[in-house]
Every structure is written in structure tokens, then in C-alpha cells.
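This is what each chain is made of:
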Amino acid sequence: MPKKHRLDADDLEWLDSNPVDLDGPPAGDRWSTWDLSTPTERGPRPHPAWLVTELAAVDTELGILKTGKEADVHLISRGVPDTDRVCLLAAKRYRSTDHRLFHRDAGYLEGRRMRDSRASRAMASRTAFGKQVIAGQWAQAEFTALVRLWGLGLPVPYPVQIVGTEILQEFVGSPDGYAAPRLATVDEGLDDLWEQLVAAMVTLARAGLAHGDLSPYNLLVHEGRLVVIDLPQIVDVISHPTGLDFLDRDARNVATWFAHKGLPVSGDDLSDLLRAEAGLT
């Protein structure tokens, strides 16, 4: 029988300076968080074939795609070590106690009042706890919107899962991690992109919805296809007190940009079309 090795002082000193995480993944930065989400916190079924859902998968941080006032978007590779099962995900992480202010959140959060009076007071006074509650509300609102719009056939990233204030969604870009450009930087194929955008906005309007903050900066263009992103503030134009104002502003913002690019389009005409499709005329 082999003799057991007794740890001496040098061994213990090395272990102290080189801790071993027995629960950590064999590679990457963390185990996949897939099993941390309940079925209602995951994307619609059937899950796309490209999505890695194996519990043996690990997540590896590849960098930041975008920073913002309320959230940062990180690029993550999720894969099973030593296999070809891998996918790229965009992780949108809403700041909680350290974020400064949600842009125009008072208007967007109208109608999302909470039964918990303590939480409502904290949100109103912007305490650290209140900011955390707001971050959770915005993350949940965006994930819910992505799931709903995906179901309507809108061109949005596939919503993978939500864990707390982190939304994992389909990465829109190249396989080597280059994000698709924003519409604001695109100069070609604008006629077709305008038609795609109008079709998407009409679908939204028929469902009684408006993006709420639509602009060329939250529209991506991937291989000629328009993709709508940044949806935490999606507005119900029927029930929201100023829903029509959001719908009109969306129409004006995008039409003005396309008009400056030389297309014969009008924000008023688009607004009239969307109001009609929403049954508000």
C-alpha cells in the first residue's frame, strides 16, 4: 500500500497562495447559468439549435460590446469544454446600487407600480435598495418584451434567459465576435431597411405597442436584416397615459433620419399609419 503523504509547512503555504476552487469550471469564468433560470425565465421553445443548454457548459467573458447609463452589454462565449458545442451570447447587465439614473424612467414606469409600499417608496426616493428594485424591473420588462416580440415574429435577438438583472440574448454579429453595425452607421440598402422597419413598427402597432425610444442607434443591420434592440421601455399605446406620444416620437425619430439620408418619407405619414394599425384613429 502506498504511503500517504503528510502536508508539511511548505505545502500549506503553497495552497494558501494558490487556492484551488473545487467547485469552479475546468475552463472559462463561470459555469453556465442556464440551470439558474426557471422555465419561465428562459426563451421560448423550441430553443434554437445553436443555443448551448448543456449543464457541463462554461461561460467565458470576451469583452464589453457596449456601455450605457443604465446597463452594459458583454460578449460571452458559452460552450462545453473539449467539444464543438459553443455559442456567442450578449449579456446585458443592468446596474443596480451603483447606477446613476434610468433615462426618463418615471414616464416609462408609469403603470408598473408595485404592491410593496416599501419598494415603491424606495424607488421614488432613489435609495440604493430602490435603484436595485428599478434595475430588476427594467431587466424583467426587457426580457418579457423580447419574449413577446419574438413570439410575434419581430426581428429581435432571441431571448436566452434572465438571471436577476442580467439578460442573456442572442449575439447579433459575426462568428468571430464582431457586433453588427448600428443603422446610424449604415449608408447602403436604405430603401429595403426602411421597408423592414415600417413592417416591424406596423406589427408592433397592431399589438398595441411602441418601442418607446426608437432611433438609428438601437437598430442593428446584420447581413441586410434589420434587428431591433434595447427594449426595456416598450410601451402599451392603449393603456399608457401618454402612449400615443411615444408612438409618434418613434415614428418621427426614424423617419427624420431616413429623410436626411434622402428617402422621401415623413414622420407624420408613418405616425398616421401606425395609429391606424393600432386602431386609434
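About the thresholds
Residues numbered from 1 in each chain as written. Predicted model: local features only at pLDDT ≥ 70, side-chain atom pairs only at ≥ 80, totals over all residues. Heavy atoms only, no water. Helix = DSSP H or I, 4+ residues; strand = E, 2+ residues; numbered from the N terminus. Buried < 20%, exposed > 50% of the residue type's maximum accessible area, 1.4 Å probe, protein only. Axes fitted to C-alpha atoms, helices over the stretch in contact; angles between N-to-C directions. Parallel < 35°, antiparallel > 145°, perpendicular 65-115°, else oblique. Left-handed = near helix turned anticlockwise from the far one by under 90°. Contact = heavy atoms within 4.5 Å. Nonpolar A, V, L, I, M, F, W, Y, C, P; charged D, E, K, R; others polar. Pairing = 2+ DSSP bridges. Phe/Tyr/Trp six-rings, centres within 6.5 Å; stacked < 30°, edge-to-face > 60°. Expected span 1.5 Å × (residues − 1).

**Topic: unusual backbone geometry**
Part 1 of the reasoning: Residue Arg45 is joined to Pro46 through a cis peptide bond whose omega torsion reads 0 degrees.
Part 2 of the reasoning: With respect to the helices and strands, Pro46 occurs in the loop between strand 1 (30-31) and strand 2 (58-67).
Part 3 of the reasoning: Backbone geometry at Asp230 places phi at a positive 55 degrees, although glycine is not the residue there.
Part 4 of the reasoning: A relative accessible area of 16% means that Asp230 is categorised as buried.

**Considerations on the packing of helix 6 (residues 243-260) against helix 7 (residues 267-277)**
Two quantities define a packed helix pair, namely the angle between the helix axes and the distance between the axes.
Part 1 of the reasoning: The geometry of helix 6 relative to helix 7 is characterised by a closest axis approach of 8 Å and an angle of 140 degrees between their N-to-C directions. In this view, helix 6 runs oblique relative to helix 7, as classed from their interaxial angle. Of the two possible hands of crossing, helix 6 and helix 7 adopt the one that is right-handed. Touching Leu244, Leu247, Asp248, Ala251, Arg252, Val254 and Ala255 of helix 6 are Gly267, Leu270, Ser271, Leu274 and Arg275, all from helix 7.
Part 2 of the reasoning: Its residues placed into classes, the contact of helix 6 with helix 7 shows 7 nonpolar, 2 polar and 3 charged.

**Describing the sheet that holds strand 6 (residues 166-170)**
Part 1 of the reasoning: Spatial ordering of the open sheet is given by 1-2-3-4-6-5, a layout of 6 strands whose pairing is antiparallel. The sheet is open, and its two borders are formed by strand 1 and strand 5 (159-163), each paired with just one other strand.
Part 2 of the reasoning: Sheet topology places strand 4 (residues 86-94) next to strand 6; 5 bridges connect them, and they run antiparallel. From the neighbouring strand, Arg93 faces strand 6, where its bridge partner is Glu166.

**Some thoughts on the packing of aromatic side chains**
Part 1 of the reasoning: In the structure shown here, the tally under the stated rule is 4 aromatic pairs.
Part 2 of the reasoning: Measuring from ring centre to ring centre gives 5.0 Å for Trp150 and Tyr158, while their planes differ by 75 degrees; the resulting arrangement is edge-to-face.
Part 3 of the reasoning: Judged by its relative accessible area of 33%, Trp150 is partly exposed.
Part 4 of the reasoning: An aromatic cluster is present here, built from Trp50, Trp150 and Tyr158 joined pairwise through their rings.

**Notes on helix 5 (residues 190-206)**
Part 1 of the reasoning: Counted at 1.5 Å a residue, the expected span for helix 5 with its 17 residues is 24 Å, and the 24 Å between its end C-alpha atoms agrees.
Part 2 of the reasoning: Of all the positions in helix 5, only Leu190, Leu193, Trp194, Leu197, Val198, Ala200, Met201, Val202, Leu204 and Ala205 are classed as buried.
Part 3 of the reasoning: Gly208 occupies a position one or two residues after helix 5 and carries a positive phi of about 80 degrees.

**A closer look at the packing of helix 5 against helix 7**
Part 1 of the reasoning: Between helix 5 and helix 7, the least distance of the axes is 8 Å, while the angle of their chain directions is 35 degrees. The hand of the helix 5/helix 7 crossing is right-handed. Facing helix 5, whose interface residues are Trp194, Val198, Met201, Val202, Ala205 and Arg206, helix 7 presents Leu270, Leu273, Leu274 and Glu277.
Part 2 of the reasoning: The class makeup of the residues in the contact of helix 5 with helix 7 is 8 nonpolar, no polar and 2 charged.

**Re the pairing of strand 5**
Part 1 of the reasoning: Burial analysis of strand 5 places 4 of its 5 residues in the buried class, which makes it a mostly covered element.
Part 2 of the reasoning: As paired strands, strand 5 and strand 6 are joined by 4 bridges and run antiparallel to one another. Bridging from a neighbouring strand, Val163 pairs with Glu166 of strand 6.
Part 3 of the reasoning: Here strand 5 folds back onto strand 6, and the loop between the two strands holds 2 residues, one of which, Gly164, carries a positive phi near 65 degrees.

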